[in-house]
Structures are given as C-alpha cells and as structure tokens.
Amino acid sequence: GKIIQQKDFLTLANVPPDSILELLKLASDIKSKWAANEEYVPLKGKTLGMIFEKSSTRTRVSFEVGMLQLGGHGLFLSSNDIQIGRGETVADTAKVLSQFVDGIMIRTFGHEKIEELAESATIPVINGLTDMFHPCQALADLMTIQEVKGKLAGLKMAYIGDGNNVVHSLMIACAKTGIDFSIACPAGYEPNKEIIEYAKKEAKQQGCEIVVTDSPTAAIEGADIVYADVWTSMGQEAENAVRLEAFKEYQINAELVKHAKEDYIFMHCLPAHREEEVTAEIIDGPHSVVFHQAGNRLHAQKAILVDLLQ
Ligand code: CP
Ligand code: NVA
C-alpha cells in the first residue's frame, strides 16, 4: 500500500507514525463520503477472503459491509468449513487463495501463523486479531479519540486489566501518536516485554511515555481516556476462574474513575463483561464512547482496504 508502505497490515509496529496519521485522514475522508451518502467504490470487483478461527461480531460485519460499500465483496470463511480446519497447511491455503481473491483478512491464534500466511500469499494480508495484536482495533480507537477529543498528542490513556493483544496494539498506537499510555495490571499479566521496550523507544521519539504499573489508581491519575478489555481473551477460557480472582481489584468503576480527568472518555473494544472489567454504570454511562468506537471499525478498515487492495 502507498500509505502503509508494505504488502500486509499485520501490526502497527512497522507502520511509520506519519503513515498512521495519513491512514486516519483517509479514514475520516471515507467516513465523510459515507455520511453524505456519496458513492465511493474504489474496490469495484475486488474480493476479500475473511478467515475466522475465532468468533467475531464487529470484525466480521465491518469488513464484510466495508468491502460491499467500497464496491467489492467479502467472503466469510469459517475455519470450521474450509480445509485449513482439517489440516490443509497455512502456506497452501495462502497460495490457493492468492489465485482467487485480492486480499485476505484473518483472525487466528498464534501470530506466527499470520506471518507465514503473509509470506506465502502473493496478495495483501490483514490482521483481524491474533493472540499478539489487534491493529485494526487500535486504528479505529485512534480515529475515535481524534473525533471526540479533537487531538491525539498530549492526551493520556489509562488501560486497566490484562496485558493482551489489544494492549500491545494500543500501546504502539499511542507511542507513535504522542499519547501517554499507562497500563495497570496484576503481576504475571504484563504485556510482552519486547513490545513494551519497542513502544518505549517509539514514545521517546514522540515525547510521550509508556508506564507499566500494578496500581489502577496510579495508572488512571489524570487520564483523558480510560480503556478496558475482557480479563479472559478468546483461547484462554480454561483460565477464567483464576483470572477472575487475579483481576478483581482491576475493575473500572465509579470509585476508580474519580482519579481520571473530569471529562474522561471510557473506551472498550467490546465484547464486554459487565460487572467484571467494568461496571454497567460506567460502560452505559455518559462518559462511554464504546458504540461510536465500534462504528469506527468500518471506516478505519476501509482506509486499510483502499490502501492495500486498490
Ligand atoms: N472488538 C472486536 O474485534 O470485536 P469482535 O470480536 O466482535 O470482532
Ligand atoms: N482480547 C480480546 C479481544 C476481543 C476483541 C480477545 O482476544 O478475545
């Protein structure tokens, strides 16, 4: 892609800061056309294979609708139904799909799988979530922050909870756009060390900082954005009971948000578990932008699709 400057979109880690801002600008232009009901079909006749090895509501629907609105078509390929689920290799699947479609979006487990897919495919591959990253989510989140707060650099985001895929992408997204990022998580649930190191290096260049702490009140102090995700991600269901116990002091509730800025916004990638990572009072309250945030998946991903598939 011209903006992304490579064939694939697997992580924000190899997308330069200026390209992220350019993608956001494109997403916002595309959203304006959509809002004005203006026809915009740069992907006429193009197809996107969408492989899902995990459940999805937002990613599936936003990519499928996005392709249609851009003049193309998205094919939902559940791993239960295609041969990859019966042991056909990732490399063979990539080479075969490259004969038929113009791009592949995949949601899978290990990040090495998407890397192998991208290497074997001659067409662009987009990460629709792996155990390591969720870059489409982070891009849509930046778009939402920009719309609601009118800027990115200079803000502070506090994430309370598990150091997971969503965090890895958010941390990089914040570092590259000048947003201070603090995560509070219990010992043993910190984000990946190398990703923290990478984000800290990027943050330094943008004049912002990345902080990892075990204290929710320290993390949330003065935050403009308060962010939550589930305590048990897809694939970790067997750990659910242990996690409920480990994270019980990490709930976002009325008491905790007293430490945030008065005009803080609450974000969550969704799906949410009310009364676990966040109380209903907060996620359904006046500071919450979670549905606006979900809606921006459509627009942010259109920018990625246009850049990679056109
Ligand atoms: N936030 C997100 O990716 O949601 P889905 O799992 O519904 O796609
Ligand atoms: N961390 C969550 C995000 C879901 C969109 C998961 O991986 O299940």
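Each chain has its residues counted from 1, running along the sequence as written. Chain letters start at A and ligand numbers start at 1, both assigned in the order the entries are written. Residues qualify for local features only when their pLDDT is at least 70, as the model is predicted, and side-chain atom pairs are given and counted only at 80 or more; totals for whole chains, interfaces and linings, by contrast, use all residues. Values shown for side chains rest on all heavy atoms present in the structure; no hydrogens or waters enter the calculation.

Enquirer: Honestly, the sheet that holds strand β4 (residues 125-127) in this entry has me stumped. Any pointers?
Expert: Pairing between the strands of a sheet comes from backbone hydrogen bonds, and it takes one of two forms, parallel or antiparallel. Should DSSP find at least two bridges between two strands, the strands are regarded as paired. Each helix is a run of DSSP H or I of at least 4 residues and each strand a run of E of at least 2, with the numbering of both proceeding from the N terminus. An order of β2-β1-β3-β4 is seen for the four strands of this open sheet, with the pairing classed as parallel. The outermost strands of the open sheet, each flanked by one partner alone, are β2 (73-78) and β4. Across the sheet, the mean angle from the axis of one strand to that of its neighbour is 20°, orientation sign disregarded. Pairing of strand β1 (residues 47-52) with strand β3 (residues 103-107), which is carried by five bridges, proceeds in the parallel orientation. Bridge pairing in β3 links L48 to G103. Set on the sheet, helix α2 (residues 58-69) makes contact with β1, β2, β3 and β4; between it and β1 the angle comes to about 170°. Each axis is a line fitted through C-alpha atoms, and for a helix only the stretch in contact is used; angles between axes span 0 to 180 degrees, taken between their N-to-C directions. What makes two residues a contact is simply this: any of their non-hydrogen atoms within 4.5 Å.

Enquirer: What's the story with the site of ligand 2 in this structure? I'm lost.
Expert: Neighbouring residues of ligand 2: L129, N164, N165, V166, D229, V230, S233, M234 and L270. What qualifies as a polar contact is a pair of N or O atoms within 3.5 Å, subject to a donor-acceptor requirement within protein and to the restriction that residues adjacent in sequence count only when both atoms come from side chains. Interatomic distance of 2.8 Å between a side-chain N/O atom of N165 and an oxygen atom of ligand 2. Burial of ligand 2 by the protein amounts to 94% of the accessible area it has alone, namely 270 Å². The nonpolar class holds Ala, Val, Leu, Ile, Met, Phe, Trp, Tyr, Cys and Pro. Asp, Glu, Lys and Arg form the charged class, and all remaining residues, Gly among them, are polar. Looking at the shell around ligand 2 residue by residue, the classes come out as five nonpolar, three polar and one charged. A single heavy atom is enough: if one lies within 4 Å of a molecule or strand, its residue is considered near that molecule or strand. Computed with the Shrake-Rupley method and a 1.4 Å probe, the accessible areas treat only the protein chains shown as cover for residues.

Enquirer: Quick question: what am I supposed to make of unusual backbone geometry here?
Expert: Residues other than glycine predominantly adopt negative phi, and peptide bonds predominantly adopt the trans conformation. Omega for the bond connecting L270 with P271 falls within 30 degrees of zero, at 5°, which places this linkage in the cis form. On the secondary structure map, P271 appears in the loop between β9 (265-268) and α10 (280-283).

Enquirer: Teacher, can you tell me more about the packing of helix α1 (residues 17-35) against helix α5 (residues 135-149) here?
Expert: A pair of packed helices is captured by two measures, namely the crossing angle of their axes and the spacing between those axes. Two elements in contact, α1 and α5, have axes separated by 10 Å at closest approach and are oriented at 70°. Judged by the angle between their axes, α1 and α5 are roughly perpendicular. Where α1 abuts α5, its residues I20, L23, L24, A27, S28 and K31 lie against L139, L142, M143, Q146 and E147. Residues of the contact of α1 with α5, tallied by class, amount to seven nonpolar, two polar and two charged. Roughly parallel refers to an angle under 35 degrees, roughly antiparallel to one over 145, roughly perpendicular to one between 65 and 115, and oblique to any angle outside these ranges.

Enquirer: Sorry, what's going on with the pairing of β3 here?
Expert: Each regular strand displays side chains that alternate between the two surfaces of the sheet. Residue exposure (1.4 Å probe, protein chains only): buried if accessible area is under 20% of the type maximum, exposed if over 50%, otherwise partly exposed. Across the five residues that make up β3, a large majority, five, are buried. Burial along β3 is two-sided: the residues G103, M105 and R107 and I104 and I106 are all buried. Here three bridges tie β3 to β4, and the two strands are oriented parallel to one another. Paired with I106 across the bridge in β4 is N127. On the question of chirality, the crossover connecting β3 to the parallel β4 by way of helix α4 (residues 111-120) is right-handed. With the strands pointing away from the viewer, any crossover whose connection runs clockwise from the first strand over the helix to the second is right-handed.

Enquirer: Whenever I open this one, the UniProt feature "binding site: L-ornithine" (unreviewed entry) in the protein chain confuses me. Can you help?
Expert: UniProt positions are given in the numbering used here, feature names are shortened, and annotations may be inferred rather than shown by experiment. Here, the residues flagged by UniProt with the feature "binding site: L-ornithine" (unreviewed entry) are N165, D229, S233 and M234. The named residues occupy 70 residues along the chain; their greatest pairwise C-alpha distance, 11.6 Å, places them in one compact cluster. Secondary-structure assignment places D229 in the loop between β8 (225-228) and α9 (240-246). Take D229: its relative accessible area is 4%, and that puts it in the buried class.

Enquirer: Honestly, the site of ligand 1 in this entry has me stumped. Any pointers?
Expert: Around ligand 1 sit S56, T57, R58, T59, R107, H134, Q137, C269, L270 and R297, and those are all the residues in its vicinity. Separating an oxygen atom of ligand 1 from a side-chain N or O atom of S56 is a distance of 2.6 Å. At 2.8 Å from an oxygen atom of ligand 1 is found a side-chain nitrogen or oxygen belonging to R58. Contact with the protein chains covers 95% of the free accessible surface of ligand 1, which is 260 Å².

Enquirer: Would you mind showing me how to read the pattern of salt bridges here?
Expert: Should their charged atoms come close, side chains of opposite charge can pair. One speaks of a salt bridge when a side-chain nitrogen belonging to Lys or Arg is within 4 Å of a carboxyl oxygen belonging to Asp or Glu. Throughout the structure, instances matching the rule amount to 13 salt bridges. The salt bridge involving R243 is made with E239; its shortest N-O contact spans 2.8 Å. By relative accessible area, which is 5% here, R243 ends up buried. By relative accessible area, E239 is classed as partly exposed at 37%. One salt-bridge network, in which partners are shared between bridges, spans D162, E239 and R243.

Enquirer: When you look at the environment of L97 in this model, what are you seeing that I'm missing?
Expert: Examined against the element boundaries, L97 turns out to sit in helix α3 (residues 90-100). By relative accessible area, which is 12% here, L97 ends up buried. As for L97 and C136, which are separated by 39 residues in sequence, their C-alpha atoms are 22 Å apart. With residues up to four places along the chain from it excluded, the contact list for L97 reads I51, L77, I104 and I123.

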